[in-house]
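The residues making up each chain are set out below.
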Amino acid sequence: MAVTALPDDQLVPALDARLHLDAVQRVWAAELLLAHNDSYPTAQNNYSLHSDDAGIFDFVPSGFDQSQRFLIDLHGGSSPLDERGILFRRCIDHPACLERYDAALDALGHALADFDAQAEIDAIAAAIEPWCRPIPAAPS
């Protein structure tokens, strides 16, 4: 949290030193694309932090039960809760960090456009089919 108090010229290098920032921005972008209005970017909620052995952190989202209830500005500005997470807010308000976040949004949008959900479902069904057996009827 000390990073949030740094001046703008030190923000992005400090975030990069303490977060897997590109991965974190992809998580934030995905949460907002899913309209997860009860997430860290929009409500400082439903997340945990995980650090690797080097002490670099990632955000791990959770609690998607309040997703897609209404549209959310992809920069989190229209959250009805308007309690954006401070790291997210500082990033969005910083031109260099915002540019990287917007690149994450763009990359995620392209990945979603190329995603074939039916093919993924079919592949999963084929992979688990050998282990799927009918449940015998209970004796009457």
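Structure report, in brief. (Residues numbered from 1 in each chain as written. Predicted model: local features only at pLDDT ≥ 70, side-chain atom pairs only at ≥ 80, totals over all residues. Heavy atoms only, no water.)

1. Overview of the pattern of salt bridges
Under the convention used in this document: Salt bridges are counted wherever a side-chain nitrogen of Lys or Arg sits within 4 Å of a carboxyl oxygen of Asp or Glu. What counts as a helix is a DSSP run of H or I of at least four residues, what counts as a strand is a run of E of at least two, and both are numbered from the N terminus. The classification of residues rests on relative accessible area computed with a 1.4 Å probe and restricted to protein chains. Under 20% of the type maximum is buried, over 50% is exposed, and intermediate values are partly exposed.
By the definition in use, this model includes 3 salt bridges. Of the charged contacts in the structure, one is a salt bridge between D22 and R100, with a shortest N-O distance of 2.9 Å. With a gap of 78 residues between them, D22 in helix 2 (residues 21-33) and R100 in helix 5 (residues 95-114) connect regions that are remote in the sequence. When its relative accessible area of 40% is taken as the criterion, D22 is described as partly exposed.

2. Observations concerning the state of the cysteines
Our working definition: Any two cysteine sulfur atoms lying within 2.5 Å of each other are counted as a disulfide.
Enumeration according to the criterion identifies 1 disulfide in this entry. Here C91 engages in a disulfide with C97; their sulfurs sit 2.1 Å apart. Looking along the S-S bond of the C91-C97 disulfide, the torsion reads about -95°, which is the left-handed sense. By relative accessible area, which is 1% here, C91 ends up buried. Look at C97 and you get buried, because its relative accessible area is 0%.

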